[in-house]
Amino acid sequence: MQNKGLIKLFAFLFGLVSIYQLSYTFITSKVEGEAETYATAKIPSTVDNYVAEREAMEARYLDSIGDNTVLGYTTYKEAKKKELNKGLDLKGGINVTLQISVKDILKGLADNTKNPVFNKALADADAASKDSDDTYIDLFFDAFDNIKGDTKLAAPDIFANKGLSDEINFQMTDDQVKPIIRRKIDESIVSAFEVLRERIDGFGVTQPNIQREGTSGRILVELPGARDIARAQDLLSSTAQLEFWETYEPGNQSLINFFIQANDRLKTMVEANPEEEVKEASEIDSLLSDVAQDSLDLTAERNPLFEKLQLNGPGYAIGIAAVKDTAEIGTWLRMPEIRRLLPAEVQFTKFLWERPSQDSEVAGLFALKSNRDSSPRISGDVVSDARDQFDQFNRPAVGMDMNVRGAKEWEKLTSEANLNNTGIAIVLDNKVYTAPGVSQVGGISGGSSEITGTFTVNETKDIANVLRAGKLPASADIIDSFVVGPSLGQEAIDSGFTSFIIAMLFVLVWMIFYYGKAGIFSDIALSFNIVLIFGVLASLGAVLTLPGIAGIVLTIGMSVDANVLIFERIKEEVQKGKGKGQAINDGFNNALSSILDANITTGLTAMILLVFGSGPIKGFATTLIIGILTSLFTAIFITRLLVDWYISGKGRSLTFSTFITKNLFNNVNIDFLKKRKIAYVISAVVIIFGVTSLSTRGLDQGVDFVGGRNYQIRFVDPVSPAEITNDLTATLGSASAKTFGDANQIMVTTKYKVDVQGTEVDDEILGILFTSLQKYLPDGATYEEFIPGGTNENIGVMKYRKVGPTIADDIKKNSVWAIFGSLAVVFLYILLRFRKWQFSLGAVVAVFHDILIVLGVFSFFSPYMPFSMEIDQAFIAAILTVIGYSLNDTVVVFDRIREIVNEKGFNYGINTNLALNSTLSRTLNTSLTTLVVLLAIFIFGGETLRGFMFAMIIGIVVGTYSSLFIATPVMYDTLKEKKTKPTS
């Protein structure tokens, strides 16, 4: 080997840099371990809410020592920025995909026009978007063109308005307007991206990640380590519509008369609830016992509105109601037949509920002075700065500063409120946060003000953060979310580490058992390879996920393949009578072609995964690609350096086998081609059986492909999935529960309100789950213990996933493209390398054979296996990995066939059989080590990976079989020159 000195220097520097990069991870782990020990010692488990208290104590400890020097070259805060990033499944947290509403942006650009053609085009685009892959803007333009008649996009009441007058005029054609609107929409999405990034920076998690997904209007946000899930979701989806409204004066007679008439009207519209009629006292009477009753006689007969709403609320609230009734009352007040009862002087009144304080069971209803356009007196765009602070009573508050225009409008509004004895409602995202009166005659000048209320410190931080960052230009709907509790993340680390150690030990021992001293050198190279993989991941800032750990463990099994190929070729050269040095040199050189071909095909499928995958699947693909590159370097160069160093010493002999394995596979002479018809029949029977199951029973598709929500829920004692399914079906309508791992853990899947966006639905479903499953929880278990990231890490929702129907369709489409794309790429690569389409055909037929069998196994055995066999993104990753591995095996066999046939010709298939037999040792060796590695992950790697690993185990077994009995026979049967002699 030439340039040994350069390779040694590169290997030394590569290893040194990797260890240096990993040192930051060791430092942060050590310091955080000390912080956890400190917090545990300070706060015993007998303290109320000790989990949250310990977390706060850890945070204070880490903040206090964050700038102290560690090991003389870094600090904890610096090391934290450079440590190996852990994904959500290892650290807990939230991953969401936000869809910025292009419809909202269009309405904003058109200044909320009432133009019927414009609004009809929006409605048509909404309907078309449910079944189309086109972008919303394209659907809108198509819909507009179909119905526009004489109406133009540049009409004064559409886009040729005052706001766009600098760019769009009345004379422009639709074709001239469209690119301007497209650009404006893209600018709005970029603006939303920047607003979200500003908010996330102020949220306080380490290593947040935010990315735009092309031009789709989707934004991917990942917050590893986020404990307060609800807070994170609210922060991301809040549009930050800050508004200032004037309330009506307390006891406004026109409004009171309206509510009396509305109550009378509702008597004929709302059916009586027998359960409520038998109550001795209404809930609202007991709940609002401290609120003075007015003179209305409500006892004579049923009063739908007044049974839920108490007039004359505190302060400037027009009324007060139980939080659970606010949605129903709001629905009533929005009814057209009820709105028509409003007197002329208050006909545009806007009714909004207050944001209830934490743990409050009641909320105030405010009547706000509005206009025909329902526009506020002052909007949030006048706020120039915001900060969290404390008011004069030392309560958390939010301070605001306004620009010059805002200061003038604020002074005018506060002056009128003082004169009219009205309040000023400060509204954020259609919730009244506070509604103070104004005692200062002439109003408040200067533009500085303060929002007070029943806030926590975190809430004031978030409100100030949102106001400072600005409002989203359109609503941001969470169409895909993935939440993992911190305790589940730690379990994933433990199970991943266990499977990693077991797989590593097996491979190390096996290589020594099979190849003796040479196996030791292979083990050293393999260990060095692991250091390099983690070092590269850390230096690139890549995120390590549980599938990523699986990718690394799989790399251990596959990286052995290169050394096996080399050692087997060296053994062949020795058997030809060559000297040890020459045999080693020729063995490395002759194995190089097979090694490169095998790793390139696997690398190509990993690249397809990287392009079409998302989230953890990208992590799997990333580690697989890095592992392929580093294993090539260590197998080809590091192993060679060690072998050359050893044999250069005097009196040293190096064998590539042990006493037990010395003559293993030496005299094997199986006539594979003669048995091909039997293999064809067996494969055909299995495939027909699988296809029949696929066509009748189908596949158990996960929420990734059909949309919905699933929840991994843990109990103390074993539970019955059938009973839980019945309980949840009664409340959710559509629900199923399956045991997930241990008998005390289930996975609940539901499509309840899958089309409805917003955190309110997520909270509603969590509430239904808690209520329905409370009888299976320990006595006294609370909702706060049950929710993700709750106060009890041993029970409740450990993880949940939500996928909207639209993104589910996209995931399914990307999965199909990934599979067919990988097949096409590999077909072309093999055609390029072997120059015969028969080789490509044999490889692709074998891969299709493997895929159909894996799908058939999953279809048939899914109801009977004690673990989840849902078809999701992880399953697609497994299929693509199977494709890569099967091709890896096939290419090695084809490479040897090409080598032997070029020397001796096909000779009626005799030399093809010779090639198959000569690679048998390598094929079985690699398959065995990889299979044991996968079994280690399957058994010890945690429930999440079990279905993923099962697919790969079936794929490896079938792939090994197909490379010998399908790929080569198909290639041989389609050749015309079966009798040919050597081609060179």
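Overview of the structure. (Residues numbered from 1 in each chain as written. Predicted model: local features only at pLDDT ≥ 70, side-chain atom pairs only at ≥ 80, totals over all residues. Heavy atoms only, no water.)

**Some remarks on the overall build of the protein chain**
Moving on, step 1. A tally of regular secondary structure across the protein chain gives 32 helices and 23 strands.
Moving on, step 2. Relative to its 984 residues, the protein chain shows a buried fraction of 53%.
Moving on, step 3. Summed over its atoms, the accessible surface of the protein chain is roughly 43,700 Å², and 57% of this surface lies on carbon and sulfur atoms. (Helix = DSSP H or I, 4+ residues; strand = E, 2+ residues; numbered from the N terminus. Buried < 20%, exposed > 50% of the residue type's maximum accessible area, 1.4 Å probe, protein only. Areas by Shrake-Rupley, 256 points an atom, 1.4 Å probe, with all protein chains shown as cover.)

**Topic: the nonpolar core**
In summary, soluble globular proteins display a tendency toward joint burial of nonpolar side chains.
Moving on, step 1. Counting residues in hydrophobic clusters, the biggest one holds 127 residues, and the most contacted among them are Phe875 and Ile883.
Moving on, step 2. Tallying contributions element by element places helix H29 (residues 873-904) first for this core, with 16 residues.
Moving on, step 3. Within the second largest apolar cluster, 44 residues are counted, among which are Ile100, Ala155, Ile168 and Ile185. (Core = buried A, V, L, I, M, F, W, Y, C linked by side-chain atoms within 4.5 Å.)

**Brief notes about the pairing of strand E15 (residues 424-428)**
Two faces, one strand: in a regular strand the side chains alternate between the faces of the sheet.
Moving on, step 1. The buried count for E15 comes to five of five residues, which makes it a mostly enclosed element.
Moving on, step 2. The alternating pattern of E15 places Ile424, Ile426 and Leu428 on one face and Ala425 and Val427 on the opposite face, and all of these are buried.
Moving on, step 3. Sheet analysis places strand E7 (residues 242-246) next to E15, joined by five bridges and oriented antiparallel. Of the residues in E15, the one forming a bridge with Glu246 is Ile424.
Moving on, step 4. By the bridge criterion, three bridges tie E15 to strand E16 (residues 431-434) in an arrangement that is antiparallel. Across the sheet, residue Ile426 finds its bridge partner in E16, namely Thr434. (Pairing = 2+ DSSP bridges.)

**With respect to the packing of aromatic side chains**
Moving on, step 1. Scanning all chains against the criterion turns up 32 aromatic pairs.
Moving on, step 2. Here the aromatic rings of Tyr20 and Tyr24 are separated by 5.3 Å at their centres, their planes lie at 75 degrees, and the arrangement is edge-to-face. Taken as a pair, Tyr20 and Tyr24 lie in helix H1 (residues 4-42) at a separation of four residues, close to a single helical turn.
Moving on, step 3. Owing to a relative accessible area of 3%, Tyr24 belongs among the buried residues under this scheme.
Moving on, step 4. Among the aromatic residues, those joined into a ring-pair cluster are Phe506, Trp510, Phe513, Tyr514, Tyr515, Phe567 and Phe656.
Moving on, step 5. The ring of Phe588 has Arg640 sitting right over it, with the charged end atom 4.9 Å from the ring centre. (Phe/Tyr/Trp six-rings, centres within 6.5 Å; stacked < 30°, edge-to-face > 60°. Lys NZ or Arg CZ within 6 Å of the ring centre and 35° of its normal.)

**A short note on the sheet that holds strand E8 (residues 309-311)**
Moving on, step 1. Read across the sheet, four strands follow the order E8-E9-E11-E10 without closing on themselves; strand pairing throughout is antiparallel. Of all the strands in the sheet, just E8 and strand E10 (350-353) have a single pairing partner and so form its edges. Averaged over all pairs of adjacent strands, the angle between strand axes in this sheet comes to 25 degrees, irrespective of strand direction.
Moving on, step 2. Packed on one face of the sheet, helix H13 (residues 326-334) meets E8, strand E9 (319-322), E10 and strand E11 (362-368) and runs near 175 degrees to E10. (Axes fitted to C-alpha atoms, helices over the stretch in contact; angles between N-to-C directions. Contact = heavy atoms within 4.5 Å.)

**Focus: the packing of helix H20 (residues 580-612) against H29**
Moving on, step 1. Relative orientation of the contacting elements H20 and H29 amounts to 160 degrees, with a least axis distance of 8 Å. What the angle tells us is that H20 and H29 run roughly antiparallel. You can see that H20 and H29 cross each other, and the crossing is right-handed. Together, Ser593, Ser594, Asp597, Ala598, Thr601, Thr602, Thr605, Ile608 and Leu609 of H20 and Ala877, Leu880, Thr881, Ile883, Gly884, Leu887, Asn888, Val891, Val892, Asp895 and Arg898 of H29 make up the contact between the two elements. (Parallel < 35°, antiparallel > 145°, perpendicular 65-115°, else oblique. Left-handed = near helix turned anticlockwise from the far one by under 90°.)

**Structural notes on the environment of Leu413**
Moving on, step 1. As for its placement among the helices and strands, Leu413 is situated in helix H15 (residues 404-420).
Moving on, step 2. Not counting chain neighbours up to four residues away, the residues in contact with Leu413 comprise Phe244, Glu246, Arg377, Ile378 and Ile424.

**Focus: the sheet that holds strand E17 (residues 448-451)**
Moving on, step 1. Ordered by their spatial adjacency, three strands build an open sheet running E13-E14-E17, and the pairing between neighbours is antiparallel. If you trace the sheet from one side to the other, it starts and ends with strand E13 (383-390) and E17, each paired once. Adjacent strand axes in the sheet meet at a mean angle of 25 degrees, parallel and antiparallel pairs treated alike.
Moving on, step 2. Relative to E17, strand E14 (residues 396-402) runs antiparallel, the two sharing four bridges. Residue pairing in the sheet places Val398 in a bridge with Ile451 of E17.

**Overview of the packing of H29 against helix H31 (residues 920-940)**
Moving on, step 1. Two elements in contact, H29 and H31, have axes separated by 11 Å at closest approach and are oriented at 165 degrees. Between H29 and H31, the angle is such that the two are roughly antiparallel. As for the relative orientation of H29 and H31, their crossing is right-handed in sense. Contact residues: Tyr885, Asn888, Asp889, Val892 and Val893 in H29; Arg922, Thr923, Thr926, Ser927 and Thr930 in H31.
Moving on, step 2. When its residues are assigned to classes, the contact of H29 with H31 shows three nonpolar, five polar and two charged. (Nonpolar A, V, L, I, M, F, W, Y, C, P; charged D, E, K, R; others polar.)

**Describing the pattern of salt bridges**
Moving on, step 1. Taken as a whole and judged by the stated rule, the model has 36 salt bridges.
Moving on, step 2. Across the salt bridge formed by Asp401 and Arg387, the nearest N and O atoms sit 3.2 Å from each other. With Asp401 in strand E14 and Arg387 in strand E13, this residue pair connects regions lying 14 residues apart in the sequence.
Moving on, step 3. Linking Arg676 and Asp973 is a salt bridge whose minimum nitrogen-to-oxygen distance equals 2.9 Å. Taken together, the residues Arg676 in helix H22 (residues 676-696) and Asp973 in helix H32 (residues 946-973) connect sequence positions 297 residues apart.
Moving on, step 4. Classification of Arg676 by relative accessible area gives buried; the value is 18%.
Moving on, step 5. One salt-bridge network, held together by shared partners, links Asp145, Lys148, Asp174 and Lys178. (Salt bridge = Lys/Arg side-chain N within 4 Å of Asp/Glu carboxyl O.)

**So, helix H5 (residues 102-109)**
Since one α-helical turn is 3.6 residues long, residues separated by three or four positions face the same way.
Moving on, step 1. Residues Val102, Ile105, Leu106 and Leu109 constitute the buried set of H5. Looking straight down H5, one finds its buried side chains confined to an arc of 100 degrees; they lie on one side.
Moving on, step 2. Two residues or fewer after H5 comes Asp111, characterised by a positive phi angle close to 55 degrees. (Arc of directions from axis to C-beta.)

**Examining the side chain of Asn744**
Moving on, step 1. By secondary structure assignment, the location of Asn744 is in the loop between strand E21 (735-739) and strand E22 (745-750).
Moving on, step 2. Within the local environment of Asn744, its side chain forms a polar contact with the backbone oxygen of Phe715, the two atoms lying 2.7 Å apart.
Moving on, step 3. The residues contacting Asn744, other than those within four sequence positions of it, are Ile713, Arg714, Phe715, Val716, Asp717, Pro718 and Val719. (Polar contact = N/O pair within 3.5 Å; in protein donor to acceptor, adjacent residues only side chain to side chain.)

**Overview of the pairing of strand E20 (residues 708-714)**
Moving on, step 1. Counting buried positions over the seven residues of E20 gives seven, a clear majority of the element.
Moving on, step 2. Burial along E20 is two-sided: the face carrying Gly708, Asn710, Gln712 and Arg714 and the face carrying Arg709, Tyr711 and Ile713 are both buried.
Moving on, step 3. Here seven bridges tie E20 to strand E23 (residues 796-803), and the two strands are oriented antiparallel to one another. Residue pairing for E23: Gln712 is matched across the bridge by Lys799.

**With respect to a nonpolar patch on the surface**
Moving on, step 1. Together, Leu6, Leu9, Phe12, Leu13 and Leu16 make up a nonpolar patch on the protein surface, roughly 520 Å² of accessible area in all.
Moving on, step 2. Judged by its relative accessible area of 48%, Leu16 falls in the partly exposed class. (Patch = residues over 30% accessible without salt bridge, like charges linked within 9 Å, V, L, I, M, F, W, Y side chains within 5 Å.)

**Overview of unusual backbone geometry**
Moving on, step 1. Residues other than glycine seldom take positive phi values, yet Asp111 does so here, at roughly 55 degrees.
Moving on, step 2. Relative to the elements of secondary structure, Asp111 occurs in the loop between H5 and helix H6 (116-129).
Moving on, step 3. For Asn421, which is not glycine, the phi dihedral falls at a positive 55 degrees.
Moving on, step 4. Its location among the elements puts Asn421 in the loop between H15 and E15.

Distances and angles like these do not, on their own, reveal function.
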